[in-house]
Amino acid sequence: MTVSHINDDAILYVNGVSKSFDGFKALNNLSLILNKGEMRAIIGPNGAGKTTMMDVITGKLRPDTGEVIFGDNIDLTKYDEAEIANLGIGRKFQKPTVIESLTLFENLELAIAGHRSVFQALFHKLSGEQTDRIDEVLDLVALPTRRNELAGALSHGQKQWLEIGMLLVQNPELLLVDEPAAGMTDAETETTAELLKSITGKHSVVVVEHDMDFIKALDTTVSVLHEGSTLAEGRLEDVQNNERVIEVYLGR
Amino acid sequence: MTNTAFNPRSLLASDVGGRRLLMVLLAIAIFVPILNLAVPESSVFHVSTYTVSLVGKYLCLALLALAVDLIWGYCGILSLGHGAFFALGGYAMGMYLMRQIGDRGVYGNPELPDFMVFLNWQELPWYWSGFESFGFAMLMVLLVPGILAFIFGLLAFRSRVTGVYFSIISQALTYALLLAFFRNDMGFGGNNGLTDFKDILGFSLQSDATRATLFSLTAIALLLSYLLCRWIVDTKLGRVLIAIRDAESRTRFTGYKVEYFKVFVFVLSAMIAGVAGALYVPQVGIINPGEFSPLNSIEIVVWVAIGGRGTLYGAVLGALLVNYAKTYFTGAMPEVWLFMLGGLFVISTIYLPKGVVGVFQKFKSKVAVEPDDPSIQSKEAAS
Ligand SMILES: Nc1ncnc2c1ncn2[C@@H]1O[C@H](COP(=O)(O)OP(=O)(O)O)[C@@H](O)[C@H]1O
Ligand SMILES: [Mg+2]
């Protein structure tokens, strides 16, 4: 497969991707380019294909057609979820998913960047540096006092944060964050937006969200997805004034 | 934080149930042979050879339950075919014991076991060679279940067969082996299996001393396997297993090749089951295809559920309790036993999700706050 027209700054290049479920096109010739260090917000009505797009990028689903290129020329459609994670792509699920019967610390221990093989896991010991990093991230996601509690005891919003924390210690080049503000209070939503903004630059970030206040707070380029393809792209203000977007959101 | 060294003392620091269990195992490994061999039969402290063999048998089944809890309790793999690995280990031991009979069989053939003479076979099939050596046979006790588990596990886990689908194909595996071992031309004695053993390493299997020694070895095998399993679930590998059990896709997207972790623990568990089978056969004196029966494999899971899944010592306790009850009730009221077992399972799933050990924990921890989870042990160890 030849890769055409990638600019050198691109970290993620999704080109002409389609994916059908029993004839229903969840993704329809979708294209998206994300630059290194860029943050992109993705909005779109329910069922627009936002989660499916993430599934395709992270190897959970194979596209029917189209290419998904990471970094210089890594064809992501050839790898499975674990390999893609180790290539440097982290993902937060729409429904917060943490390991409920492990402590917060242990959740982060599993996620922290490093070896992933069976035998290394058997003889693994955290370095002081890694322990410090985990504690630092626990501070960052505002959960330091819950360090040794089971993750199952957290509230919905706190689980979201723990999962974001797991992404942070995993230290991926590209973060895909699916609806991080769901179930959060306004204050928590604001903090989350700040957190994601603060890591942008060092990492590239794709955020899917419904909450317009949250998107506004992210203050970044927005792509609007509709019926599996990109409807519009640009600053939030411009996108919001786009007639087709208004049509899609307000119904015809 | 993490136990990387195999240090029993630190391993059991927070595993109270395990500590008690191991002390009991050590005590019976030492004292039961003494009470059986050295204390006269007239004394109230004498332990009969019948009891020694019976409890020895229970301990083998407890080892089997431990193997099942390792994969089910910690990694969420519900194998309903683990009896197959137990039986294969048993057959490997049985083949060695058959070769030990030599020319003392009914037909007096120095090379061939009686059933082969009966079938008019002229020579030993190739796959029986080597089993005259104890070392080789013991290697096979580990390798045959291990290799089968490796192939089966790799195929199943790589195609992402999980949950009830995995349970069903594991039942199919043991059922297929049941049918195969029933066939006379397989060369494993058909439906009679392997029996009429005479001695092991030159020691008569009928002698009290041999039986007492086998008993102690079983208790020690259970003790060491317990420590091995406890060590594994307390390492980071154990926490990856729990992560797979709780949130398999999260574990994948965090970069762990879930199928390799599953294969590893499945193979280890099959090998432990094989050892249990190998210890079982000389103590009961027979191995036949009935051990492959799908029902046997389901029973193991019931022991673990009743004892308390995901605690290791709960599995051991469950196997001992249920099998003791089975011995009692199949003697007293044989027709009700299966209903009782089913009833126990239903009651324990509905009312005692953490099994018998969960009840103990509840009694003890009216003060301490109890995390609502079966795998609480690994947490205590980690914090
Ligand atoms: N595994 C699947 N099987 C069948 N249909 C699916 C599957 N995953 C997603 N879909 C469908 O694809 C469409 C897009 O879903 P999704 O990507 O989850 O939307 P969004 O995240 O934008 O709300 C929806 O209509 C959904 O029902
Ligand atoms: Mg979605």
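The rules we used
- Residues numbered from 1 in each chain as written.
- Chains lettered and ligands numbered in written order.
- Predicted model: local features only at pLDDT ≥ 70, side-chain atom pairs only at ≥ 80, totals over all residues.
- Heavy atoms only, no water.
- Contact = heavy atoms within 4.5 Å.
- Buried area = accessible area lost by both parts, 1.4 Å probe.
- Salt bridge = Lys/Arg side-chain N within 4 Å of Asp/Glu carboxyl O.
- Polar contact = N/O pair within 3.5 Å; in protein donor to acceptor, adjacent residues only side chain to side chain.
- Helix = DSSP H or I, 4+ residues; strand = E, 2+ residues; numbered from the N terminus.
- Nonpolar A, V, L, I, M, F, W, Y, C, P; charged D, E, K, R; others polar.
- Pairing = 2+ DSSP bridges.
- Phe/Tyr/Trp six-rings, centres within 6.5 Å; stacked < 30°, edge-to-face > 60°.
- Buried < 20%, exposed > 50% of the residue type's maximum accessible area, 1.4 Å probe, protein only.
- Donors = N, O, S within 2.8 Å, 3.2 Å for Na, K, Ca; no water.
- Core = buried A, V, L, I, M, F, W, Y, C linked by side-chain atoms within 4.5 Å.
- Near = heavy atom within 4 Å.
- Areas by Shrake-Rupley, 256 points an atom, 1.4 Å probe, with all protein chains shown as cover.
- Patch = residues over 30% accessible without salt bridge, like charges linked within 9 Å, V, L, I, M, F, W, Y side chains within 5 Å.
- Lys, Arg positive; Asp, Glu negative; His and termini not counted.
- Charge placed at Lys NZ, Arg CZ, Asp CG, Glu CD.
- Domains from an automatic or database assignment.

1. As for the interface of chain A and chain B
Item 1. Opposite the 39 residues of chain A that make contact, chain B presents 36 residues.
Item 2. At the boundary of chain A with chain B, total buried surface from both sides reaches about 3200 Å², with 65% on carbon and sulfur atoms.
Item 3. In this assembly, chain A and chain B are joined by 5 salt bridges.
Item 4. Of the charged contacts in the structure, one is a salt bridge between A:Asp80 and B:Lys257, with a shortest N-O distance of 2.8 Å.
Item 5. Joining chain A to chain B, the criterion identifies 12 residue pairs in polar contact (both at pLDDT 80 or more).
Item 6. Every element with two or more residues in the side of chain A that touches chain B is listed here: α2 (81-87), β6 (89-92), α3 (104-111), α4 (118-122) and α6 (156-170) of chain A.
Item 7. Classifying every residue of the side of chain A that touches chain B gives 17 nonpolar, 10 polar and 12 charged.

2. Concerning the sheet that holds strand β2 (residues 24-35) of chain A
All names here are of chain A.
Item 1. Read from one edge of the open sheet, 4 strands run β2-β1-β4-β5, paired in antiparallel fashion. Only two strands of the sheet have a single neighbouring strand rather than two, namely β2 and β5 (74-75).
Item 2. Where strand β1 (residues 10-21) and strand β4 (residues 65-70) come together, 5 bridges link them in antiparallel fashion. Considered in β4, the bridge of Tyr 13 is made with Ile 69.

3. With respect to the packing of aromatic side chains
Item 1. As enumerated under the stated definition, the model contains 24 aromatic pairs over all chains in all.
Item 2. Taking the centre distance of 5.6 Å and the plane angle of 85° together, the rings of A:Phe119 and B:Phe264 count as edge-to-face. Of this pair, A:Phe119 sits in helix α4 while B:Phe264 sits in helix α11 (residues 258-284), each in a different chain.
Item 3. Classification of A:Phe119 by relative accessible area gives exposed; the value is 53%.
Item 4. Here the aromatic rings of B:Tyr91 and B:Phe181 are separated by 4.6 Å at their centres, their planes lie at 50°, and the arrangement is tilted. Taken as a pair, B:Tyr91 in helix α4 (residues 82-101) and B:Phe181 in helix α7 (residues 163-182) lie far apart in primary sequence, 90 residues in all. There is no split in this pair, since B:Tyr91 and B:Phe181 are both buried.
Item 5. Ring-pair connections join several aromatic residues into one group, and the members of that group are B:Tyr91, B:Phe115, B:Trp126, B:Tyr127, B:Trp128, B:Phe181, B:Phe188 and B:Phe292.

4. Some words on the coordination of the magnesium ion (ligand 2)
All names here are of chain A.
Item 1. Every protein donor of the magnesium ion (ligand 2) is listed here as Thr 51 (OG1) and Gln 94 (OE1), and their distances to the metal cover 2.0 to 2.2 Å. Here Gln 94 lies in the loop between β6 and α3 and Thr 51 lies in helix α1 (residues 50-57), a separation of 43 residues in the sequence.
Item 2. Among the residues examined, Gln 94 registers a relative accessible area of 34% and is labelled partly exposed.

5. Quick notes on the nonpolar core
Item 1. Counting residues in each nonpolar core, the largest one holds 126 residues, and the members touching the most others are B:Trp128, B:Leu194, B:Leu237, B:Phe261, B:Phe266 and B:Phe292.
Item 2. Each residue touching B:Leu237, except ones within four places of it in the same chain, is listed here: A:Val118, A:Ala121, A:Leu122, B:Ile232, B:Phe261 and B:Phe264.

6. Describing the site of ligand 1
Residues and elements named next belong to chain A.
Item 1. Within the structure, ligand 1 sits among Phe 21, Phe 24, Ala 26, Pro 45, Asn 46, Gly 47, Ala 48, Gly 49, Lys 50, Thr 51 and Thr 52.
Item 2. At a separation of 3.0 Å, an oxygen atom of ligand 1 approaches a polar backbone atom of Gly 49.
Item 3. Interatomic distance of 2.5 Å between a side-chain N/O atom of Thr 52 and an oxygen atom of ligand 1.
Item 4. In isolation ligand 1 offers 560 Å² of accessible surface; the protein chains occlude 61% of this area.
Item 5. Among the elements that line the shell around ligand 1, the one with the most residues is α1, at 3 residues.
Item 6. Of the residues that constitute the shell around ligand 1, the class distribution is 5 nonpolar, 5 polar and 1 charged.

7. Overview of the pairing of β6(A)
Along any regular strand, the residues point their side chains to alternate faces of the sheet.
Residue and element names in this part refer to chain A.
Item 1. Residues Ile 89 and Arg 91 line one face of β6 and the alternating positions Gly 90 and Lys 92 line the opposite face, and both faces are buried.
Item 2. Pairing between β6 and strand β7 (residues 174-178): 4 bridges, direction parallel. In the sheet register, Lys 92 faces β7, and the bridge partner there is Val 177.

8. A word on a negative patch on the surface
Residue and element names in this part refer to chain A.
Item 1. A cluster of acidic residues, Asp 186, Glu 190, Glu 194 and Asp 213, forms a negative patch at the surface.
Item 2. Sorting elements by how many residues they give to the negative patch places helix α7 (residues 186-199) first, with 3 residues.
Item 3. Tracing the backbone shows Asp 186 in helix α7.
Item 4. Using a relative accessible area of 66% as the deciding quantity, one classes Asp 186 as exposed.

9. A short note on the domain arrangement of chain A
Residue and element names in this part refer to chain A.
Item 1. Looking at the assigned domains, one finds that chain A contains domain 1 (1-87 + 220-252) and domain 2 (96-210).
Item 2. Computed over C-alpha atoms, the centres of domain 1 and domain 2 are 24 Å apart.
Item 3. The interface of domain 1 with domain 2 comprises 25 residues on the first partner and 20 residues on the second.
Item 4. Overall, the association of domain 1 and domain 2 removes approximately 1600 Å² of surface from exposure, summing both partners, and the carbon and sulfur fraction of that is 64%.
Item 5. Sorting the residues of domain 1 by area buried against domain 2 places Gly 37, Met 39 and Met 54 first, and these three jointly supply 34% of that buried surface.
Item 6. Along the contact surface separating domain 1 from domain 2 lie 0 salt bridges.
Item 7. At the surface where domain 1 touches domain 2, the tally comes to 8 residue pairs in polar contact (both at pLDDT 80 or more).
Item 8. Only β1, β2, β3 (39-43), α1 and α2 provide two or more residues apiece to the side of domain 1 that touches domain 2.

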